Amino acid sequence: QIQLVESGGGLVQAGDSLRLSCAASGRTFNIHVMGWFRQAPGKEREFVCGLIWSGGYIYYGDSVKGRFTISRDNAKNTVYLQMNSLKPEDSAVYYCAAGDGDYSVRSRIAYKYWGQGTQVTVSS
C-alpha cells in the first residue's frame, strides 16, 4: 500500500558527508512514522532516526546524535537523511521505513513498509 525508494548511497571517506533520500508513494496519507534503519554485515538492524509525520517529533539513535539529521518535504512525500562526519562504523545498508500505526518511533515493529536499501561505505 506504501512504496518507499531510497537513493543517495555511495562510497565516501571518513569525515565526508552524504545525503540519503526516501520517496514515498501510494497511501502516503496514512503514514504515521517514517525513519531510517541500517544494517552492517553480521549485525542486527539498527535504528538510526525517525519522525512522527504529524507533529514533527524526531528521535535519533545514540550513535548518530549530533552528526545525522532527518528532515522531510511534505510536498514531495520525501524524507532525507543528512549524514555528516561519517565514520567507518557508519558503513551499512541504510533502509527507509514507514508505518501507519501509533507505535513508538524507536521500535522496529512500528515500521511495516521498507525500501530496498542503499549501501553506504565509509573508508578509513
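Before any of the text, the structure's been laid out above.
Residues numbered from 1 in each chain as written. Predicted model: local features only at pLDDT ≥ 70, side-chain atom pairs only at ≥ 80, totals over all residues. Heavy atoms only, no water.

**Notes on the sheet that holds strand E1 (residues 2–7)**
- The four strands are arranged E1-E3-E8-E7 in an open sheet whose pairing can be described as antiparallel. Each end of this open sheet is capped by a strand with a single partner; those strands are E1 and strand E7 (68–73). Between one strand axis and the next, the sheet turns by 20° as a mean value, whatever way the strands run.
- Relative to strand E8 (residues 78–83), strand E3 (residues 18–26) runs antiparallel, the two sharing six bridges. From the neighbouring strand, Ser21 faces E8, where its bridge partner is Tyr80. (Pairing = 2+ DSSP bridges. Helix = DSSP H or I, 4+ residues; strand = E, 2+ residues; numbered from the N terminus. Axes fitted to C-alpha atoms, helices over the stretch in contact; angles between N-to-C directions.)

**Here we look at the state of the cysteines**
- Per the counting criterion, the structure on display carries one disulfide.
- Between the sulfur of Cys22 and that of Cys96 lies a disulfide, 2.0 Å long from S to S. Because the torsion about its S-S bond is -80°, the bridge between Cys22 and Cys96 counts as left-handed. Highlighted residues: Cys22 in strand E3 and Cys96 in strand E9 (residues 92–99), separated in sequence by 74 residues. (Disulfide = S-S within 2.5 Å.)

**Here we look at the pattern of salt bridges**
- All told, the structure shown has four salt bridges when counted by the stated rule.
- A salt bridge links Glu46 to Arg38, with the shortest nitrogen-to-oxygen separation between them at 2.9 Å.
- With relative accessibility at 32%, the residue Glu46 sits in the partly exposed group.
- Between Asp90 and Arg67 there is a salt bridge, and its shortest N-O distance comes to 2.7 Å. Residue Asp90 is located in the loop between E8 and E9, and its partner Arg67 is located in the loop between strand E6 (58–60) and E7; the two are separated by 23 residues in the primary sequence.
- A relative accessible area of 10% means that Arg67 is categorised as buried.
- Bridged by salt links that share partners, the residues Arg38, Glu46, Arg67 and Asp90 form one connected network. (Salt bridge = Lys/Arg side-chain N within 4 Å of Asp/Glu carboxyl O. Buried < 20%, exposed > 50% of the residue type's maximum accessible area, 1.4 Å probe, protein only.)

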